[in-house]
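Structural description and commentary
Single-letter residue listing:
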Amino acid sequence: MANLIIKKTLASIDMPSTLEPKGLSATDGKQPDGLSYLSWKDGKNLIWDFTTSCNLAPSNISSSLKGPGEVAAEREKSKFKKYSNLMNNYFFTPIASETFGAWGPQSLSFLTDLGKELIAHTGEKRSKFFLFQKLGICIQRGNAASVLSSLPAGEKLDEVFQLC
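Residues numbered from 1 in each chain as written. Predicted model: local features only at pLDDT ≥ 70, side-chain atom pairs only at ≥ 80, totals over all residues. Heavy atoms only, no water.

1. A look at the overall build of the chain
- Each helix and strand in the chain was counted, giving six helices and four strands.
- Traced from its N-terminal end to its C-terminal end, the chain shows the element sequence α-β-β-β-α-α-β-α-α-α.
- Taken over 164 residues, the chain has a buried fraction of 38%.
- Sequence-distant contacts, at least 24 apart, represent 56% of the contacts inside the chain between residues at least 6 apart. (Helix = DSSP H or I, 4+ residues; strand = E, 2+ residues; numbered from the N terminus. Buried < 20%, exposed > 50% of the residue type's maximum accessible area, 1.4 Å probe, protein only. Contact = heavy atoms within 4.5 Å.)

Here it is, written out as structure tokens:
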């Protein structure tokens, strides 16, 4: 869903793109989440890969303790390594968030730039805010889906809703 939000936002600034492009790398078959058809920066087409990491996963606890955005920053680094062979021909950006809402520094920079482009193209001063809001809602829906999928079959959260 988040990739569709990025794709639609790019379309709003006259930057058509495709999701899950095939054939970018003949050697290793790596497939980022999206590819723009037009150049984004430095004459290169944009490719992106979106990821959300759980702050409370045992493998992320030490990074989470350092502060907000640290887990996302580590995921950005791993994405840069994963797609390093594509960076000569494409402008790659990871889009990494944490389940509690923090963004990695590269992600925040890209989304801020995208939001500014959106404001420039649409004239709507709140469009950057709306972009972050849509992505935040998408992450929270993913969180809810994760929690609900961990429940035994047929069990509901009725007691939680009765508290309200």
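2. Structural notes on the pattern of salt bridges
- With the rule as written, the count across this model stands at three salt bridges.
- For Lys-41, the salt bridge goes to Asp-113, with nearest N and O atoms at 4.0 Å. Pair noted here: Lys-41 is in strand 2 (residues 34-41) and Asp-113 is in helix 4 (residues 105-122), with a separation of 72 residues, a long-range link.
- Salt-bridge contacts for Arg-126 lead to Glu-124; the nearest nitrogen and oxygen are separated by 2.8 Å.
- By relative accessible area, Glu-124 is classed as partly exposed at 29%. (Salt bridge = Lys/Arg side-chain N within 4 Å of Asp/Glu carboxyl O.)

3. So, the environment of Lys-77
- The topology assignment puts Lys-77 in helix 3 (residues 70-82).
- For Lys-77, a relative accessible area of 56% gives the class exposed.
- In this structure the C-alpha to C-alpha distance between Lys-77 and Ala-96, which are 19 residues apart in sequence, comes to 9.8 Å.

4. Notes on the layout of surface pockets
- Here the largest pocket is characterised by a volume of approximately 170 Å³.
- Lining the largest pocket we find Met-1, Leu-4, Ile-5, Lys-8, Thr-9, Ser-12, Leu-118, Ser-127, Phe-130, Leu-131 and Lys-134.
- Top contributing element to the lining of the largest pocket by residue count: helix 1 (residues 2-12), with five residues.
- For the lining of the largest pocket, a count of residues per class yields six nonpolar, three polar and two charged. (1 Å grid on protein atoms, 1.4 Å probe; cavity = no way out; pocket = protein on both sides within 12 Å on 5 of 7 lines; lining within 4 Å. Points joined across faces, edges and corners; volume = space filled by probe spheres on them. Nonpolar A, V, L, I, M, F, W, Y, C, P; charged D, E, K, R; others polar.)

5. What to know about unusual backbone geometry
- We note that Asp-14 has phi near 60°; this positive angle belongs to a residue other than glycine.
- You can see Asp-14 is positioned in the loop between helix 1 and strand 1 (17-19).
- If you check the backbone angles, Glu-20 has positive phi at about 50° while not being a glycine.
- One can find Glu-20 in the loop between strand 1 and strand 2.

6. Points about helix 5 (residues 127-149)
- For helix 5, which comprises 23 residues, the first-to-last C-alpha distance of 33 Å matches the rise-based estimate of 33 Å (1.5 Å per residue) to within 8%.
- Residues of helix 5 that are buried include every one of Ser-127, Leu-131, Leu-135, Cys-138, Ile-139 and Asn-143, and no others.
- Packing partners of the buried residues in helix 5 comprise helix 1, strand 3 (44-53), strand 4 (90-98) and helix 4. (Expected span 1.5 Å × (residues − 1).)

7. Remarks on the confidence of the model for the chain
- On average, residues of the chain score 88 in pLDDT, and 90% of them are at 70 or above.
- Averaged over each element, pLDDT in the chain is lowest for helix 6 (residues 158-162) (57) and highest for helix 4 (96). (pLDDT = per-residue confidence, 0-100.)

8. Concerning the packing of helix 4 against helix 5
- Axis separation between helix 4 and helix 5 bottoms out at 8 Å; the angle between their running directions is 130°. Accordingly, the angle class assigned to the pair helix 4 and helix 5 is oblique. Pair helix 4 / helix 5 crosses with right-handed handedness. Along the contact surface, helix 4 presents Leu-108, Leu-111, Thr-112, Leu-114, Gly-115, Lys-116, Leu-118, Ile-119 and Thr-122, while helix 5 presents Ser-127, Lys-128, Leu-131, Phe-132 and Leu-135.
- Classifying every residue of the contact of helix 4 with helix 5 gives eight nonpolar, four polar and two charged. (Axes fitted to C-alpha atoms, helices over the stretch in contact; angles between N-to-C directions. Parallel < 35°, antiparallel > 145°, perpendicular 65-115°, else oblique. Left-handed = near helix turned anticlockwise from the far one by under 90°.)

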